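Letter by letter, the chains look like this.
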Amino acid sequence: MGGRIIEVHLNTLSRASSVKLLQNCSHKTLLEDDAVENLVSKCGNHPLSLKVIAGHLQSGFTVPEVASQLDRLPRQPEFSQRLQEMFTALPEQLQGILIKLSVFRTWFDAEAAADVIGCHRVDMKFELHYLKCRHLIEQDDWGQFTRSEPSRPSPQEARYSLHTLTRFFLQDNRTPPMAALYIQAEHNFVKLFWKRLEKIGKLAETNSLDALAQIDDNRVHLEQCLDLLIREGAVPDVSKTKRFHKQYSVCMTWELFLDISKRLKFCQNVAERALKQGNRRSYCFYKAMEAEQLVAKFQYGKAIQMLQKPFAILGELESVDQEEKNSMKLVKALLHYVKAHAFGCMQKNGDALSEIKTSLQQCKSVSGNSYFAARLVNQQGAIYMNMGKYMESLDCHLNAYEILKKSAASDLLLDVPTYLMNIGTGYSEMGKDVRQQKPLEAIKHFEKAIDYYDRSLSTEKRLHMDEYIKTALTLKNKAMAYCHLHRLSEGLRMAEQSLTIRRKYLPQKNPDVCRGLIFVAQIHYDMGREKQKSGDVGSVEEFQQAERYFGEAAEMEVSGRPDEGFPTVDYEALKHEYLDVLKRLCKNDELQRRKKIFMDFDRKVEKRSVSPRKQSESSQSEESTSGSSSNEEAEDEQQTHTEIKEESSRKKTRKEQLREASTKCSIA
């Protein structure tokens, strides 16, 4: 896969392998054995040293001339000595080119090299060919073809790379003039790959599959570009409507390859530079994005507090230009959106709804059918879901999905799996709402929910985004729908798949892992009770499985987690059902021990006058070109995008109904 570095450490070669390598790389297979043996010995059988010497031979030097040059060096088989000799022998112009090429951490093609060096592409090809013949750069043959279809390879530009040791040598041996060339190359590198990131962000709004392929191909370069921008560089501009959408697309895109901590650091640094440069609109934009990362880290109050200054600055800004006024409206919409997200996560649904309505009003007056607008509508649906207004919620999610389809005429978009999942959750909630009065109608709603969950999973697979955090959430919601249809075995299979994914990608004590454990335990618990009622001896095995999962979840609940150790919304159900399982298994000593542990923990929680209780379930919604997830990060990352999460949160008295799912939204 492009953009992924695999470093292979080579020891010294055998004498026979060294001879073969020297002959092949120099294209001189008729060298006398004694001459070859002499050169191999002087190079200490080191592969890189042998390739450098082969470059001399291929360039026209005779074996005695090369041997004579080696004799002048200290008799140590260190490649840095060979590289120093080879570098010094280059013309000054090529020395500068090689220094600039050391900016690349991985592969590069002639076009990228020309942009970084600052020369014409045709000239660059000649220079690269010369350096390749001297074995100072290498050509990656695997990069010459990409296969969109297995039987039809499409030729691509040749790719080159510097050996890691060569790059380190060049970085450690820069004179002041060479250092100045390297700094200039860094500036050109940032300019090139920031533009490329903007193009990928734009592409993600119409063809996310191609965008994901480009991200995968350029992942290392894009990460390096953002690392350099964190230190210094021009502040991206959002003074026009198109520029706002372009930068927002970039922020969606980076969630696919940058973790939350790096995104947070990037937003902080760029916002600070923007304020120093007097670019207050860009400052407000990046403070909003910074606050969004804080929300993903459960720091809701801090995020809301951070937005106060940007709101005040925008209130002071005035503009005569209509385009600038429109961009200001979009930045305001973004600020209100992030604030609504934070309030929603705190379950302050009235405040969240007020903020998202203001955000939508600002956005729709400028661009009502954009990718950004779809996310706002989706967020509104999440808030309605938390308020128990399922019909309004479903309408919003269907509307968000339609906005995306109108803007791109395709289902292969990063946010589509999340929107489809949210629609499914809307139908599931409506099914639960009428389950007692209209059981047949409820069944139809649950079946429709499963259909949308399947469409969500299918779209993820087509986008090559399956088997990640977002997938875990959809699988769990689908499992809930199966449980409501009393298809517990199918629900258990989905729940276990979801838990496996969460264990793989989330920290050990993440609240989502805890809730996944509780959910699997609850299904075993229900299956055990059904078997016990029918006299099936298999009930004991089900209760034992429930005990195992409940026990692990209980340890997470009482030992503290990343969300400051507050219990999840499933904690009360966990206590009630775990203790009941121990009672059914006649484990009285363990029952009394667990009761004491829960009582001690409850006292600690009561002392913390925090309201409301923090919710869990923070899987990232795939947006941004990957979902606003998450990123998870998320998650997934990471993001600006809201997912409705249908989770189990049972009341103590639940005799006549299957567990009710608590609905939550989170943006990753």
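Note on numbering: residues in each chain are counted from 1, in written sequence order. Only residues with pLDDT of 70 or above have their local features reported here, since the model is predicted, and side-chain atom pairs are shown and tallied only from 80 upward, although totals for entire chains, interfaces and linings are computed over all residues. Only hydrogens and water are set aside; all other atoms, that is, all heavy atoms of the structure, feed into the side-chain values.

## Some thoughts on the nonpolar core
Among buried residues, the Ala, Val, Leu, Ile, Met, Phe, Trp, Tyr and Cys ones that are joined through side-chain atoms within 4.5 Å form a nonpolar core. Note on exposure labels: buried denotes an accessible area under 20% of the residue type's maximum, exposed denotes more than 50%, and partly exposed covers the range between, all computed with a 1.4 Å probe on protein chains only. Within the largest apolar cluster, 182 residues are counted, with the highest numbers of intra-cluster contacts made by Leu-101, Tyr-286, Leu-334 and Phe-372. The biggest single contributor to this core is helix H17 (residues 322-345), with 12 residues. Membership of the second largest hydrophobic core comes to 15 residues, among which are Leu-39, Ile-53, Val-63 and Ala-67. In this text, helices come from DSSP runs of H or I with a minimum length of four residues, and strands from runs of E with a minimum of two, each type numbered from the N-terminal end.

## Remarks on helix H19 (residues 371-386)
An α-helix turns once per 3.6 residues; consequently, residues spaced three or four apart project the same way. Here H19 is 16 residues long and its end C-alpha atoms lie 23 Å apart, about the 22 Å a rise of 1.5 Å per residue gives. Within H19, 16 of the 16 residues are buried, which leaves the element mostly enclosed by the surrounding structure. With its phi angle positive at about 80 degrees, Gly-388 sits one or two positions after the end of H19. Multiply 1.5 Å by the residue count of a helix minus one, and that product is the helix's expected span.

## Examining helix H11 (residues 208-231)
In this model H11 runs just 30 Å from its N-terminal to its C-terminal C-alpha over 24 residues, more than 12% under the 34 Å that 1.5 Å per residue would give. The largest bend along H11 measures about 70 degrees and falls at Asn-218. Phi turns positive one or two residues past the end of H11, at Gly-233, with a value near 130 degrees. Bend, at a single residue, is the angle you get between axes fitted to the 7 residues ending at that residue and the 7 residues starting at it.

## So, the environment of Asp-570
Within the element layout of this structure, Asp-570 appears in the loop between helix H26 (539-559) and helix H27 (571-584). Residues Asp-570 and Arg-515, spaced 55 residues apart in sequence, show a C-alpha to C-alpha distance of 6.8 Å.

## Quick word on the pattern of salt bridges
Between side chains of opposite charge, a pair can form when the charged atoms approach closely. When a carboxyl oxygen of Asp or Glu is within 4 Å of a side-chain nitrogen of Lys or Arg, the pair counts as a salt bridge. Per the counting criterion, the structure on display carries 29 salt bridges. In this structure, the salt-bridge partner of Glu-552 is Arg-503, at a minimum N-O distance of 2.9 Å. Here the residue Glu-552 occupies a position in helix H26, and Arg-503 occupies one in helix H24 (residues 488-505), the gap between them amounting to 49 residues. A cluster of three or more residues bridged by salt bridges with shared partners is formed by Glu-555, Glu-590, Arg-593 and Arg-594.

## Thoughts on the environment of Asp-227
Residue position: Asp-227 is located in helix H11. C-alpha of Asp-227 to C-alpha of Lys-262: the two residues are 35 residues apart in sequence and 8.4 Å apart in space.

## A short note on the state of the cysteines
Two cysteines, two sulfur atoms, one covalent bond between them: this is a disulfide. Cysteine sulfur atoms that pair up within 2.5 Å are treated as a disulfide. Scanning all chains against the criterion turns up zero disulfides. With no disulfide of its own, Cys-267 lies closest to Cys-251 among cysteine sulfurs, the gap being 5.9 Å. For Cys-267, a relative accessible area of 0% corresponds to the buried category.

## Notes on the packing of helix H20 (residues 390-408) against helix H21 (residues 416-433)
For every element, the axis is a line fit to its C-alpha atoms; helices are fit only across the contacting stretch, and the angle between N-to-C directions ranges from 0 to 180 degrees. At a minimum axis separation of 9 Å, H20 and H21 run at an interaxial angle of 160 degrees. By the angle between their axes, H20 is roughly antiparallel relative to H21. Between H20 and H21 the crossing geometry is left-handed. For the pair formed by H20 and H21, the contact residues are Tyr-390, Met-391, Leu-394, His-397, Leu-398, Ala-400, Tyr-401 and Leu-404 on the first element and Val-416, Tyr-419, Leu-420, Asn-422, Ile-423, Gly-426, Tyr-427, Glu-429, Met-430 and Asp-433 on the second. Following the grouping adopted for this structure description, the nonpolar residues are Ala, Val, Leu, Ile, Met, Phe, Trp, Tyr, Cys and Pro, the charged ones are Asp, Glu, Lys and Arg, and the polar ones are all others, Gly among them. Residue classes in the contact of H20 with H21 are distributed as 13 nonpolar, three polar and two charged. Any angle between 65 and 115 degrees counts as roughly perpendicular, while under 35 counts as roughly parallel, over 145 as roughly antiparallel, and the rest as oblique. The handedness criterion is simple: a crossing whose near helix is rotated anticlockwise from the far helix by less than a right angle is left-handed, and one whose near helix is rotated clockwise is right-handed. Every residue pair with non-hydrogen atoms within 4.5 Å of one another is taken to be in contact.

## Focus: the confidence of the model for the protein chain
For every residue, the predictor assigns a confidence score, pLDDT, that lies between 0 and 100. Mean pLDDT for the protein chain: 81, with 81% of residues reaching 70 or above. Across residues 73-77, where pLDDT falls below 50, the model places 10 contacts with residues more than four positions away in sequence or in other chains.

## Describing the packing of aromatic side chains
To pair, rings of Phe, Tyr and Trp, with the six-membered ring standing in for Trp, must have centres within 6.5 Å; the planes then decide the type, stacked if under 30 degrees apart, edge-to-face if over 60, and tilted in the middle. Scanning the entire structure with this criterion turns up 21 aromatic pairs. Aromatic rings pair up to connect Trp-194, Phe-244, Tyr-248, Trp-254, Phe-266, Phe-285, Tyr-286, Tyr-337 and Phe-372 into one cluster. In this structure, Arg-548 packs its charged tip against the face of Tyr-549, placed 4.4 Å from the ring centre. Put simply, a charge is over a ring when the Lys NZ or the Arg CZ is close to the ring centre, within 6 Å, and near the line of the ring normal, within 35 degrees.

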